[in-house]
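# Fold and geometry: a report
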Amino acid sequence: MRTISGVWRWRGNPLRRPTDVAEAWVCLLALLLTLVAMPVAGTITGFAAQDSLRRSVREQRHTRHLVTAKVLRILAQAPPEADPDAGAARTSRSRVLAGWTAPDGTRRRGAVLADVKSPRAGEHFRLWTDPTGRITTRPLDSATARAHAVLAGFGAAVVAAGLIESVRRLVLWRMVRRRYASWDRAWDRAGPDWGKAGTGSS
């Protein structure tokens, strides 16, 4: 609103200079571009990210499997680790040597983090693997994918606004520099007449 009022104020002001009007129009143009570019950039980026993440969700659901593993023995005692994929319901996990059967029927064993606080030999727990039985993270869920898409869209909108604001500041800076240079030339032309009798008299 300040930008619009600035343009209107200079519209009929007899003291206005061409640079004043140009600066006001630059600000108004930047405002309009920001109002258009932010939602457009955010929407396009958000939908593109959501489409990509949806494909990832579908792919991970087909390539990651939840299998049952058996604790063979407890490994060197260490403080239980928090599951980074558990979100708000952070689950304590302990390091154990476990054995499991891969989705393709292959028998596997190795050191893993069991999602039990005090594991015992022979105890069972669940873990995520790929089709060959290699341990992987749980598949991305739809809610998390949507949240990432929204964040991507918001980030794109902020970047678009920042770029427009940077260009506006650069243009205004160059205009101010040109105005100061014009003033300097005007002072240089007026300088030799300072102090002379009758200077400025009609």
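## Observations concerning the overall build of the chain
Within the chain one finds three helices and five strands. The buried share among the 202 residues of the chain stands at 27%. Here the contacts in the chain between residues at least 6 apart in sequence split such that 64% fall between residues at least 24 apart. Taken as a whole, the chain presents about 14,200 Å² of accessible surface, with 60% of it coming from carbon and sulfur.

## Concerning a nonpolar patch on the surface
A contiguous nonpolar surface patch, about 480 Å² in accessible area, is contributed by L32, L35, V36, V40 and I44. Within the fold, V36 resides in helix 2 (residues 18–63).

## Thoughts on the side chain of R64
Structurally, R64 can be placed in the loop between helix 2 and strand 1 (65–74). Within the structure, R64 has its side chain in polar contact with the side chain of T137 (distance 2.8 Å). Polar side-chain contacts of R64 include one of 3.4 Å to the backbone oxygen of R138. With residues up to four places along the chain from it excluded, the contact list for R64 reads W128, T129, T136, T137, R138 and P139.

## Focus on the environment of R126
Here R126 shows up in strand 5 (residues 124–129). On a C-alpha basis, the gap between R126 and A69 in space is 5.9 Å, while along the polypeptide they are 57 residues apart. Setting aside residues up to four positions removed in sequence, R126 forms contacts with L66, V67, T68 and D115. Side-chain polar atoms of R126 contact the side chain of T68, separated by 2.8 Å.

## A few points about the nonpolar core
The tendency in soluble globular proteins is for nonpolar side chains to be buried side by side. One finds V67, A69, V71, V96, A98, W100, V112, A114, V116, F125 and L127 forming the largest nonpolar core, which totals 11 residues. Breaking this core down by element, the ones donating at least two residues are strand 1, strand 3 (92–101), strand 4 (107–114) and strand 5. A49, V57, A145 and A149 belong to the second largest nonpolar core, which has six residues in total.

## Some remarks on the pattern of salt bridges
Taken as a whole and assessed by the stated rule, the structure comprises four salt bridges. The partner of R55 in a salt bridge is D51, with the nearest N and O atoms 2.5 Å apart. Pair noted here: R55 and D51 are both in helix 2, with a separation of four residues, about one helical turn. On the basis of relative accessible area, R55 is assigned to the partly exposed category, the value being 43%. Within the structure, one salt-bridge network assembled from shared partners comprises E165, R168 and R169.

## Considerations on a positive patch on the surface
Residues R174, R177, R178, R185 and R189 make up a contiguous surface patch of positive charge. Structurally, R185 can be placed in helix 3 (residues 142–190).

## Topic: helix 3
With 49 residues, helix 3 should cover 72 Å at 1.5 Å per step; its first-to-last C-alpha distance of 72 Å lies within 8% of that length. A side-chain oxygen of the first residue of helix 3 lies 3.2 Å from the backbone nitrogen of A143; this N-cap is D141.

## A closer look at the environment of S94
Tracing the chain through its elements places S94 in strand 3. On the basis of relative accessible area, S94 is assigned to the buried category, the value being 11%. Taking the C-alpha atoms as reference, S94 lies 9.9 Å from A76; in sequence the two are 18 residues apart.

Reading the values: the criteria
Residues numbered from 1 in each chain as written. Predicted model: local features only at pLDDT ≥ 70, side-chain atom pairs only at ≥ 80, totals over all residues. Heavy atoms only, no water. Helix = DSSP H or I, 4+ residues; strand = E, 2+ residues; numbered from the N terminus. Buried < 20%, exposed > 50% of the residue type's maximum accessible area, 1.4 Å probe, protein only. Contact = heavy atoms within 4.5 Å. Areas by Shrake-Rupley, 256 points an atom, 1.4 Å probe, with all protein chains shown as cover. Patch = residues over 30% accessible without salt bridge, like charges linked within 9 Å, V, L, I, M, F, W, Y side chains within 5 Å. Salt bridge = Lys/Arg side-chain N within 4 Å of Asp/Glu carboxyl O. Polar contact = N/O pair within 3.5 Å; in protein donor to acceptor, adjacent residues only side chain to side chain. Core = buried A, V, L, I, M, F, W, Y, C linked by side-chain atoms within 4.5 Å. Lys, Arg positive; Asp, Glu negative; His and termini not counted. Charge placed at Lys NZ, Arg CZ, Asp CG, Glu CD. Expected span 1.5 Å × (residues − 1).

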